[in-house]
Amino acid sequence: MDPAVLTLLVLAVASFFFATEIIPLAVTAMGAAIALGLLGVLTPAQVFAGLSNSTVVLFAGMFVVGAAMFQTGLAQKIGIAVVRRAGSDERKLMLALMVITVMLSSISSNTATVACLIPVVIQICAVARISAPPQLMALAIAANVGGTITMIGTPPNILMSATLETSGYPSFGFFEFAWIGIPLSILGILYMIFVGYKVCPHHIDRENIDDIVSEAPKDKKKMLICAVILGCVVLAMAFEKTIHVPMHMSAIIGALACVLTGCVSEKQAYDGIDWTTIFLFAGMLPVASAMDKSGAGAMIAGWVLDIIGSDPSPTVIMVAMFTLSCGLTQFMSNTASAALLAPIGISIAAGIGVSPLPVLMAIGIAASCAFTTPVATPPNTLILGPGKFHFMDYVKVGVPLAVLSMILCVVVIPMVWPL
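Everything in this summary refers to the structure shown in the same document.

**Regarding the overall build of the protein chain**
Part 1 of the reasoning: Summing up its helical and strand segments, the protein chain has 22 helices and zero strands in all.
Part 2 of the reasoning: Here the protein chain has a C-alpha radius of gyration of 21 Å; the compact-globule value for 419 residues is 22 Å, and the two agree.
Part 3 of the reasoning: For the protein chain, the C-alpha atoms occupy an extent of roughly 70 × 50 × 40 Å along the three principal directions.
Part 4 of the reasoning: Buried positions account for 54% of the 419 residues belonging to the protein chain.
Part 5 of the reasoning: Within the protein chain, counting contacts between residues at least 6 apart in sequence, those at least 24 apart form 80% of the total.
Part 6 of the reasoning: Total accessible area computed for the protein chain in this model is approximately 17300 Å², and 69% of it derives from carbon and sulfur atoms.
Part 7 of the reasoning: Where the 17 positive side-chain charges of the protein chain centre and where its 20 negative ones centre are 14 Å apart.

**Side note on helix α2 (residues 25-38)**
Part 1 of the reasoning: Here α2 spans 20 Å end to end across 14 residues, near enough to the 20 Å set by a 1.5 Å rise per residue.
Part 2 of the reasoning: Along α2, the positions that sit buried rather than exposed are Leu25, Ala26, Thr28, Ala29, Met30, Ala32, Ala33 and Leu36.
Part 3 of the reasoning: In this fold, the buried residues of α2 make contact with α1 (3-20), α3 (44-47), α16 (275-293), α21 (378-387) and α22 (391-416).
Part 4 of the reasoning: Phi for Gly40, located one or two positions after α2, is positive at around 85°.

**Concerning the nonpolar core**
Part 1 of the reasoning: Grouped together as the largest cluster of nonpolar side chains are 144 residues, with contacts concentrated most on Phe18, Met62, Met137, Ile180, Met192 and Ile383.
Part 2 of the reasoning: The leading source of residues in this core is helix α7 (residues 110-128), at twelve residues.
Part 3 of the reasoning: If we skip the residues at most four places from it in the chain, Met62 touches Ala115, Cys116, Val233, Met237 and Ala251.

**Considering helix α4 (residues 54-72)**
Part 1 of the reasoning: For α4, spanning 19 residues, the distance from its first C-alpha to its last is 27 Å, which sits close to the expected 27 Å at 1.5 Å a residue.
Part 2 of the reasoning: Burial within α4 is extensive, with 15 of its 19 residues counted as buried.
Part 3 of the reasoning: Directly after α4, the chain includes Gly73, whose backbone phi takes a positive value near 90°.

**Considering the side chain of Thr28**
Part 1 of the reasoning: Note that Thr28 resides in helix α2.
Part 2 of the reasoning: Thr28 has contacts with Ala14, Phe17, Phe18 and Ile23, leaving out every residue within four places of it along the chain.

**Focus: the environment of Ser337**
Part 1 of the reasoning: Tracing the backbone shows Ser337 in helix α19 (residues 334-352).
Part 2 of the reasoning: Spatially, the C-alpha atom of Ser337 lies 9.8 Å from that of Ala366, the residues being 29 residues apart in sequence.

**What to know about the environment of Val121**
Part 1 of the reasoning: Looking at the element boundaries, Val121 is found in helix α7.
Part 2 of the reasoning: Sequence separation between Val121 and Gln135 is 14 residues, and the spatial gap between their C-alpha atoms is 7.2 Å.
Part 3 of the reasoning: Excluding residues that lie within four positions of it along the chain, Val121 makes contacts with Leu97, Gln135, Leu136 and Leu139.

**Digging into the packing of helix α9 (residues 155-166) against helix α20 (residues 356-368)**
Part 1 of the reasoning: It is at 9 Å that the axes of α9 and α20 come closest, and there the two elements cross at 155°. When the axis of α9 is compared with that of α20, the two are roughly antiparallel. Relative to α20, the crossing made by α9 is right-handed. Judged by residue contacts, Pro156, Asn157, Met160, Thr163 and Leu164 of α9 engage Pro356, Leu357, Leu360, Ile363, Gly364 and Ala367 from α20.
Part 2 of the reasoning: Each residue belonging to the contact of α9 with α20 can be placed in one class, and the counts come to eight nonpolar, three polar and no charged.

Parameters and conventions
Residues numbered from 1 in each chain as written. Predicted model: local features only at pLDDT ≥ 70, side-chain atom pairs only at ≥ 80, totals over all residues. Heavy atoms only, no water. Helix = DSSP H or I, 4+ residues; strand = E, 2+ residues; numbered from the N terminus. Rg over C-alpha atoms; globule rule 2.2 N^0.38 Å. Buried < 20%, exposed > 50% of the residue type's maximum accessible area, 1.4 Å probe, protein only. Contact = heavy atoms within 4.5 Å. Areas by Shrake-Rupley, 256 points an atom, 1.4 Å probe, with all protein chains shown as cover. Lys, Arg positive; Asp, Glu negative; His and termini not counted. Charge placed at Lys NZ, Arg CZ, Asp CG, Glu CD. Expected span 1.5 Å × (residues − 1). Core = buried A, V, L, I, M, F, W, Y, C linked by side-chain atoms within 4.5 Å. Axes fitted to C-alpha atoms, helices over the stretch in contact; angles between N-to-C directions. Parallel < 35°, antiparallel > 145°, perpendicular 65-115°, else oblique. Left-handed = near helix turned anticlockwise from the far one by under 90°. Nonpolar A, V, L, I, M, F, W, Y, C, P; charged D, E, K, R; others polar.

Any functional reading would require information beyond the geometric quantities listed.
And the structure:
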């Protein structure tokens, strides 16, 4: 059987188990990768390549740094300070959190931003005695939409500009994405405050609150050391290209420093890693690679082109390419889905005599609208364990936001980049 068909069949079965959670999410993810290996779509080495992926290593390192923030009391202290300033109103806290996250994600890695803020958010919720899941979901969504504001905010943005330039068209400017990125960020914030907040699961971590209330005095020296380590890690990630040290290496160095300085013990470091997140992401990375290399993604793109016909209107093209890009990015890398669709978008635009700029902008933005599954983007995966989310929680929150995002793009993009 054709590798593309086999990949789509495995993905369909995995989607069923993801939605029903009859078996654990991490088992489903690893099982899908192993199935593709047994079917010959992936080599044995490719099946387990996700375990050594740089993003998975980044996850592990930041989990340890986060555990050190808890153990030294740094996260608790930050949480108490924030609550004293912002109060305990859940929506006000959500607004402040999302604005900060959007700003950070627009100029730095959204994965690193979420990884650094998760322990702080959990402690803010514990101190304020409010439910953590809505705040964590808001954190992930803010990181995803915030990355669309600048060219460096997310890889698909860079890819769209590079594709245009390679094809002989003027590329997008550094802040040109802000014309749609800022409205999209505002939409994401308003949606979470008024709609997403109600849809998210609500449960309060009583054990964490009890730890805050009966908290023993912490070693201020270790708290300071942990703060310095965290600051150095964040700065190293922000200036990754300047100092030529990859983010995952900075995270691991930070984790080792936390253990060596006694901010967290070896056992506490191991316990602080959310292994469900690690194996879920590591399992789905080979599946995403199989979607790309087997031709499964291209097959789906072909089906969509057959549906829209040989002479579609520019608006239909935008809707179709947005839907396809957004759909693919829920189960495969947003960079891969954008790379797959960018040349298709240029070809279609040239074929009917319209500008490729709005088409590629729609593809790039849609690739960042990865709201509907826990494996769609690293920020989504990172909040899975801490928020005790189920697969369908992402679907309930993410699908309406994805639809609203598409409507916004169809209205705003042609106003800025005429078809």
